[in-house]
Amino acid sequence: MAGGDREDDFATFVSTYSQGLLRSAWMLTGDDGRAEDLLQSSLSKAWRRWSQVTSASSPEAYVRRILYTTYVSWWRRRWHGELPSANVPEQMYEADLPELISRREAVRAALGRLTRQQRAIVTLRYLDDLSVAETAAILNCSVGTVKVQSARAMATLRRDPRLSTYSPTGVDS
């Protein structure tokens, strides 16, 4: 991301990485609106430190760390600064809306049964495809903690009866 105009570099970064970052944010929060807010807050922080972000060996990893540290600070704070609205914007949905909603709710419920640390680890390891060492560095914990909590989280998810419906083989485990 070296060279070029700061605003253009940032816009290119956002258009390239925002979808993946938004998926990670949703996995952490389990809510579309909160995921969007988390990503927006993280990108806002990244913009303020853009020269540091672009000088890092991996700007995407730098912003992911901002995303996860922002998430941690949110759940420590407990109140997220948002209030519900009576007006919900219209959205376009796929043809099989009931199946999509059912699958999404099953994943949301299963992730909700994990601890916050386990949820962050599962997101980093399996959605973002980071190594154990990279996950430990982002979450500022030991490699052993990542391994143990990852195993516990995956065991919890495998036991979830609502997720067995969506197993790749179609067989309950």
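It should be emphasised that the depicted structure is a prediction, and the values quoted were computed from it without experimental measurement. (Residues numbered from 1 in each chain as written. Predicted model: local features only at pLDDT ≥ 70, side-chain atom pairs only at ≥ 80, totals over all residues. Heavy atoms only, no water.)

Honestly, the side chain of Thr 29 in this entry has me stumped. Any pointers?
Its place among the elements puts Thr 29 in helix α1 (residues 6-29). Residue class for Thr 29 comes out buried when judged on its relative accessible area of 8%. (Helix = DSSP H or I, 4+ residues; strand = E, 2+ residues; numbered from the N terminus. Buried < 20%, exposed > 50% of the residue type's maximum accessible area, 1.4 Å probe, protein only.)

What am I meant to see in the nonpolar core here?
Side chains of nonpolar character tend, in soluble globular proteins, to be buried together. Residues Leu 38, Tyr 68, Leu 139 and Leu 157 are the most contacted members of the largest nonpolar core, which totals 29 residues. Elements supplying a minimum of two residues to this core: α1, α2 (32-48), α4 (59-77), α5 (97-112), α6 (116-127), α7 (132-139) and α8 (143-159). The element that contributes the greatest number of residues to this core is α4, accounting for five residues. With residues near it in sequence (within four places) discarded, Leu 157 still touches Ala 110, Leu 111, Leu 114, Val 122 and Leu 163. Core analysis: the second largest hydrophobic core is formed by 10 residues, Phe 10, Leu 21, Leu 43 and Ile 66 among them. (Core = buried A, V, L, I, M, F, W, Y, C linked by side-chain atoms within 4.5 Å. Contact = heavy atoms within 4.5 Å.)

Which parts of the structure should I look at to understand the pattern of salt bridges?
Where charged atoms from two side chains of opposite charge come close, those side chains can pair. Summed over all chains, the structure comprises five salt bridges. With a closest N to O distance of 3.0 Å, Arg 64 and Glu 60 form a salt bridge. Pair noted here: Arg 64 and Glu 60 are both in helix α4, with a separation of four residues, about one helical turn. According to the relative accessible area criterion, Arg 64 is buried, its value standing at 8%. In this structure, the salt-bridge partner of Glu 105 is Arg 108, at a minimum N-O distance of 3.3 Å. Here Glu 105 and its partner Arg 108 are both found in helix α5, three residues apart, which amounts to about one turn of the helix. Of the residues examined, Arg 108 reaches a relative accessible area of 23% and is grouped as partly exposed. (Salt bridge = Lys/Arg side-chain N within 4 Å of Asp/Glu carboxyl O.)

What am I meant to see in the packing of aromatic side chains here?
The geometry of an aromatic ring pair is captured by the separation of the ring centres together with the interplanar angle, meaning the angle of the planes. The final tally for this structure, using the stated rule, is four aromatic pairs. Note on Phe 13 and Tyr 17: the rings are 4.8 Å apart at their centroids and 40 degrees apart in plane angle, and the pair reads as tilted. Of the two residues, Phe 13 and Tyr 17 both sit in helix α1, four residues apart, roughly one turn of that helix. Assessed through its relative accessible area of 28%, Tyr 17 is described here as partly exposed. Members of the aromatic cluster, each reached through a chain of ring pairs, are Phe 10, Phe 13, Tyr 17, Trp 47 and Trp 50. (Phe/Tyr/Trp six-rings, centres within 6.5 Å; stacked < 30°, edge-to-face > 60°.)

What exactly am I supposed to notice about α2 here?
Given 3.6 residues per helical turn, the α-helix brings residues three or four places apart onto the same face. Counted at 1.5 Å a residue, the expected span for α2 with its 17 residues is 24 Å, and the 25 Å between its end C-alpha atoms agrees. Where α2 is concerned, the buried positions are Ala 35, Leu 38, Leu 39, Ser 42, Leu 43 and Ala 46. Along the axis of α2, the buried residues cluster in a sector spanning 125 degrees; they form a single face. Those residues of α2 that are exposed and aimed more than 90 degrees away from the buried face are Gln 40 and Arg 48. For α2, the capping residue at the N-terminal end is Asp 31, with a side-chain oxygen 3.1 Å from the backbone nitrogen of Gly 33. (Expected span 1.5 Å × (residues − 1). Arc of directions from axis to C-beta. Polar contact = N/O pair within 3.5 Å; in protein donor to acceptor, adjacent residues only side chain to side chain.)

Read these as spatial facts, not as claims about activity.
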